[in-house]
Every structure is written in structure tokens, then in C-alpha cells.
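# Descriptive structure summary
Spelled out, the chains give:
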Amino acid sequence: MLEVRADATVCLNKCTTFECYVGKGNVPGCPMSQHLPFLDNNLDCKLCFNCVRNCPNGSVNVNLRLAGREVWHLVRVNQGYVVFVGVMLAILIPLNYFAPLQGIWPTTSSKVWFSLWYWGAGLGGGILAWMIAKPFKTKAASIRVKLVFAFTPLVLAGHIMYQVGFIPGVRFLSFGVGYESSLGLLSFSIPATVMAYGIAATFGLMLTGITVALVLLHTTEKRANGINNNR
């Protein structure tokens, strides 16, 4: 929810020492080799704030922002990110299908099959995503690359749903409501895990749907502008 951004006008017209990049005194430069006037996303920023301390012109600021803004604006999406999304999406299959069977199957058999499916799914998902992104070698991502990247919220939701079950004591926790009626006190409760699954799945699907819609909308607008410019 934080971002480091610089005023490009100040940087390009006033700065001559590039201290945000090379460092100053005991404070080193950017460990990610980023030059602040061209930093437009958080994908390559570790928020060390060295640049904030080093800038002699007061150009660099720390701002609040909507978390995961890169997903919405699809800034500099390339095939590397798409392969990562493909791997993380694919391994959700063994995590959610084979993990519950570990208590039913023999220990050795369950570990072998889980390992084979885990690494196989990750490798297969990565290869499939790489094949989708392979034709596009530039940073100007195609609609196919952007659509795969748009699944990031859903992938994150899936992994949150898997990890919820490992929170100590969560399986013994329930949320409920009760009300008085002519029949006495009536109550309704829902397990905390089910509630967490529902919240994560809802937000994952909603944010993914919105991102896909934005990709299609931006693509349609660019095509329309291109047709108008060619007339």
C-alpha cells in the first residue's frame, strides 16, 4: 500500500548527481538498480527508502496507494510474470486435491503422488504460460499476456484459502448470530475456515473479473484509436 515515486520534471531538469541511483555517503544507492524518474511500479522496488534519504532535491516521495495497482494498470507486464502466474495457478491443483488425501492414503504413497503432481503441475503450468507469452518478446504485452496476468488476484485468493487451514486453532473457531423468536433462541453459525474461503474466493473472482474487463476495455479503446488514426 506504499509506493516510492519521484517528480520526473525535477529529476530530469535539476538533478546532476543521480544520488538516488549511486548513493551518497553511508547510504547506498538503489539495490534494485532503479532510476527514480522512470520508476512507475512496485514490481522492482523493495521499499528500502534509500532514494528518499539520498535525493538532494526533495523530488522523491512516499505515497499511499491501492495495493496491487500494477494488476489494475498492467504496467510493464512481460512474459516472466506470466510464467510465474502460470506456475502458481497450476500448483493449486495438487495443493487442494492431494493435500486432503494425505490423511487417508498410506504415508509413502501420498507423499510420492503429491510430489509428482506438485512438480508436474508447476512445470506444466509454467510451460503453458511460457508458450502463451513466447511470441511476445517486448515489454509491450499482448492481450493474451495481459489476460494471464489478470488472474493474479484469483491465484492469490487460492493460496490464501489453502494457507487458512494451517492457522492454529482456526478449525475450532466459528462465527454465529442468534435471535429471539416465539420458539426460543435461534442461532446460526458458520466455521471460520468456510467464512475465510468465501471472502477470499469472492474478492479473488471479483478483482480478476474487473481486471479482465479493464484489459478488454483498454484493448478495444486502443484498437479504436488506431483505426481512427489510420483514417
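## Comments concerning unusual backbone geometry
Here the phi dihedral of Phe-18 falls at roughly 55 degrees; this positive angle occurs in a residue that is not glycine. Looking at the element boundaries, Phe-18 is found in the loop between helix 1 (8–14) and helix 2 (19–22). For Phe-49, which is not glycine, the phi dihedral falls at a positive 65 degrees. Turning to its location among the elements, Phe-49 is positioned in the loop between strand 3 (27–28) and helix 3 (50–54). By relative accessible area, which is 28% here, Phe-49 ends up partly exposed.

## Describing the side chain of His-159
Among the structural elements, His-159 can be located in helix 9 (residues 152–164). The class of His-159 is buried, set by a relative accessible area of 16%. For His-159, the contacting residues outside a window of four places in its chain are Met-88, Ile-91, Leu-92 and Leu-95.

## Brief notes about the layout of surface pockets
In this approach a probe as big as a water molecule rolls over the atoms, and the regions it shows empty are the leftover space. By volume, the second largest pocket is sized at about 150 Å³. What lines the second largest pocket is simply Val-85, Gly-86, Leu-89, Ala-90, Gly-125, Leu-128, Ala-129, Ile-132, Val-148 and Phe-151. Those elements giving two or more residues to the lining of the second largest pocket turn out to be helix 5 (79–90) and helix 7 (107–133). Across the lining of the second largest pocket, the residue classes tally to eight nonpolar, two polar and no charged.

## As for the nonpolar core
Note that soluble globular proteins tend to have their nonpolar side chains buried in a common cluster. Counting residues in hydrophobic clusters, the biggest one holds eight residues: Val-82, Val-85, Ala-129, Ala-133, Val-145, Val-148, Phe-149 and Val-155. Secondary-structure elements contributing two or more residues to this core are helix 5, helix 7 and helix 8 (143–149). Sequence-distant contacts of Val-148, defined by excluding residues within four places in its chain, comprise Val-82, Val-85 and Ile-132. With seven residues, the next largest nonpolar core counts Leu-36, Leu-39, Cys-51 and Val-60 among its residues.

## Some details on helix 7
Helix length check: helix 7 (27 residues) gives 39 Å between terminal C-alpha atoms against 39 Å at 1.5 Å per residue, within 8%. Those residues of helix 7 that sit buried are Ser-110, Phe-114, Ala-121, Gly-122, Gly-125, Gly-126, Ala-129 and Ala-133.

## Some details on the pattern of salt bridges
Counting across every chain of the model gives two salt bridges. Two residues, Glu-3 and Arg-5, come together in a salt bridge whose shortest N-O distance is 3.3 Å. Arg-5 matches Glu-3 in its accessibility class, with the two residues each being buried. A salt bridge links Glu-19 to Lys-24; the nearest nitrogen and oxygen atoms lie 3.9 Å apart. In this structure Lys-24 comes out as partly exposed when scored by relative accessible area, which is 35%.

## With respect to empty space enclosed by the protein
What the rule picks out here adds up to two cavities of 30 Å³ or more. There is about 110 Å³ of room inside the largest cavity. Lining the largest cavity are 15 residues; nearest its centre among them are Cys-30, Pro-31, Cys-45, Cys-48 and Cys-51. The computed volume of the second largest cavity comes to approximately 90 Å³. In terms of lining, the second largest cavity is formed by Cys-11, Cys-15, Phe-18, Glu-19, Cys-20, His-35, Pro-37, Cys-55, Pro-56, Asn-57, Ser-59 and Val-60.

The rules behind these values
Residues numbered from 1 in each chain as written. Predicted model: local features only at pLDDT ≥ 70, side-chain atom pairs only at ≥ 80, totals over all residues. Heavy atoms only, no water. Helix = DSSP H or I, 4+ residues; strand = E, 2+ residues; numbered from the N terminus. Buried < 20%, exposed > 50% of the residue type's maximum accessible area, 1.4 Å probe, protein only. Contact = heavy atoms within 4.5 Å. 1 Å grid on protein atoms, 1.4 Å probe; cavity = no way out; pocket = protein on both sides within 12 Å on 5 of 7 lines; lining within 4 Å. Points joined across faces, edges and corners; volume = space filled by probe spheres on them. Nonpolar A, V, L, I, M, F, W, Y, C, P; charged D, E, K, R; others polar. Core = buried A, V, L, I, M, F, W, Y, C linked by side-chain atoms within 4.5 Å. Expected span 1.5 Å × (residues − 1). Salt bridge = Lys/Arg side-chain N within 4 Å of Asp/Glu carboxyl O.

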